[in-house]
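A closer look at the structure
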Amino acid sequence: DQQVKQNSPSLSVQEGRISILNCDYTNSMFDYFLWYKKYPAEGPTFLISISSIKDKNEDGRFTVFLNKSAKHLSLHIVPSQPGDSAVYFCAASGGGSEKLVFGKGTKLTVNP
Amino acid sequence: EAGVAQSPRYKIIEKRQSVAFWCNPISGHATLYWYQQILGQGPKLLIQFQNNGVVDDSQLPKDRFSAERLKGVDSTLKIQPAKLEDSAVYLCASSLDRAGRAWDTQYFGPGTRLTVL
């Protein structure tokens, strides 16, 4: 039972354009959502998060949008840079458990 | 500030052998996590420690996996005996907050890539 789904295994965009990574969840008790970025041979690094009391959180080039009614969140990267090329994981927690549940990840490639 | 250290970085063993992984969290971090990441999947929590006590080990296959965190600092994860399906990257993470809340940023180590033949 996959509670956090990232249905696009990969995404390719041109440098300077917008990257949009999507994530869906099934557990309505989730109330905190995070995005992690992972480079090859390194551990994931925290990127940005959002609480369920908000619908948007912005940090520089990165913005996360949360649509609770659709159980959907997205990560926007504007403008995209080649250094953003990595695997992006969506994660969620809540419902009395602080355990993070991760999606399978989306591999983003930003072409120069 | 030094990050989360893990060793070894790579390990190849045959099935039914045993293996141990070591993790040194960021100094002062009370919470320590072990995750298993199978190829093509996201990390899955195996066990969470608060200082040297276990908070959550619901997804740890206890018949073959064990973990300890002596003195609330370093931690060791052991697999005995290993199976083919244990091939994965084992990630250690730590966070500062003593309550281990999800919104307290987890810092990950580089992981140990285990191959079971």
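Scroll up a little and you will see the structure.
All of the points below concern the structure found in this document. (Residues numbered from 1 in each chain as written. Chains lettered and ligands numbered in written order. Predicted model: local features only at pLDDT ≥ 70, side-chain atom pairs only at ≥ 80, totals over all residues. Heavy atoms only, no water.)

1. Here we look at the overall build of chain B
On a plain count of helices and strands, chain B comes out with zero helices and eleven strands. Compactness check: chain B gives a C-alpha radius of gyration of 13 Å against a globular reference of 13 Å for 117 residues, within 12% of the reference. Based on the C-alpha atoms only, the size of chain B along its principal axes is roughly 40 × 25 × 25 Å. Sequence-distant contacts, at least 24 apart, represent 56% of the contacts inside chain B between residues at least 6 apart. Working note: accessible area of chain B is about 5800 Å², and carbon and sulfur atoms make up 50% of it. Of the charged side chains in chain B, 14 are positive and 11 negative, and the gap between their average positions amounts to 4 Å. (Helix = DSSP H or I, 4+ residues; strand = E, 2+ residues; numbered from the N terminus. Rg over C-alpha atoms; globule rule 2.2 N^0.38 Å. Contact = heavy atoms within 4.5 Å. Areas by Shrake-Rupley, 256 points an atom, 1.4 Å probe, with all protein chains shown as cover. Lys, Arg positive; Asp, Glu negative; His and termini not counted. Charge placed at Lys NZ, Arg CZ, Asp CG, Glu CD.)

2. With respect to the pattern of salt bridges
Residues and elements named next belong to chain A. On inspection of all chains with the given rule, the structure shows three salt bridges over all chains. Between Arg61 and Asp84 there is a salt bridge whose closest N-O contact spans 2.8 Å. With a gap of 23 residues between them, Arg61 in the loop between strand E6 (56–59) and strand E7 (62–67) and Asp84 in the loop between strand E8 (72–77) and strand E9 (86–94) connect regions that are remote in the sequence. Using a relative accessible area of 22% as the deciding quantity, one classes Arg61 as partly exposed. (Salt bridge = Lys/Arg side-chain N within 4 Å of Asp/Glu carboxyl O. Buried < 20%, exposed > 50% of the residue type's maximum accessible area, 1.4 Å probe, protein only.)

3. What about the sheet that holds strand E3 (residues 19–25) of chain A?
Residues and elements named next belong to chain A. Here we have five strands laid out as an open sheet, ordered E1-E3-E8-E7-E6, and antiparallel in their pairing. Since the sheet does not close on itself, it has two edges, and those belong to strand E1 (4–5) and E6, each with one partner. Here E6 runs beside E7; their pairing, made up of four bridges, is antiparallel. Looking at the pairing, Asn57 lines up with Val64 of E7. (Pairing = 2+ DSSP bridges.)

4. Some thoughts on the side chain of Asp86(B)
Residues and elements named next belong to chain B. Along the chain, the position of Asp86 falls in the loop between strand E8 (75–79) and strand E9 (88–95). For Asp86, a relative accessible area of 3% translates into the label buried. The residues touching Asp86, leaving out its near neighbours within four places in the chain, are Gln36, Arg64, Phe65, Ile79, Pro81, Leu114 and Val116.

5. Observations concerning the interface of chain A and chain B
Taken together, the 17 residues of chain A in the interface contact 21 residues of chain B. The contact between chain A and chain B buries some 1500 Å² in all, and 59% of this surface belongs to carbon and sulfur atoms. The interface formed by chain A and chain B holds zero salt bridges in total. Looking at the side of chain A that touches chain B, the elements that each hand over two or more residues are strand E4 (30–38), E9 and strand E10 (97–102) of chain A. When grouped by side-chain class, the residues that make up the side of chain A that touches chain B number nine nonpolar, three polar and five charged. (Buried area = accessible area lost by both parts, 1.4 Å probe. Nonpolar A, V, L, I, M, F, W, Y, C, P; charged D, E, K, R; others polar.)

6. Comments concerning the pairing of E4(A)
Residues and elements named next belong to chain A. Burial within E4 is extensive, with eight of its nine residues counted as buried. In this sheet, E9 lies alongside E4 in antiparallel orientation, the contact comprising eight bridges. Bridged to Tyr36 within E9 is Phe89. In terms of strand pairing, E4 meets strand E5 (residues 45–51) through six bridges, oriented antiparallel.

7. Concerning the pairing of E10(A)
Residue and element names in this part refer to chain A. Two strands pair when backbone bridges link them, and E9 and E10 are joined in this way by three bridges, in the antiparallel orientation. What sits directly across from Ala91, in E10, is Phe102. Hairpin geometry of E9 and E10 is characterised by an intervening segment of two residues between the two adjacent antiparallel strands and by a positive phi of about 70 degrees at Gly95.

8. Observations regarding the state of the cysteines
Residue and element names in this part refer to chain B. Overall, the coordinates contain two disulfides over all chains when judged by the stated rule. Bridging Cys23 to Cys92, the disulfide has an S-S length of 1.9 Å. Where Cys23 bonds to Cys92 through sulfur, the torsion about that S-S bond is close to -70 degrees, and the disulfide is left-handed. Taken together, the residues Cys23 in strand E3 (residues 19–24) and Cys92 in strand E9 connect sequence positions 69 residues apart. (Disulfide = S-S within 2.5 Å.)

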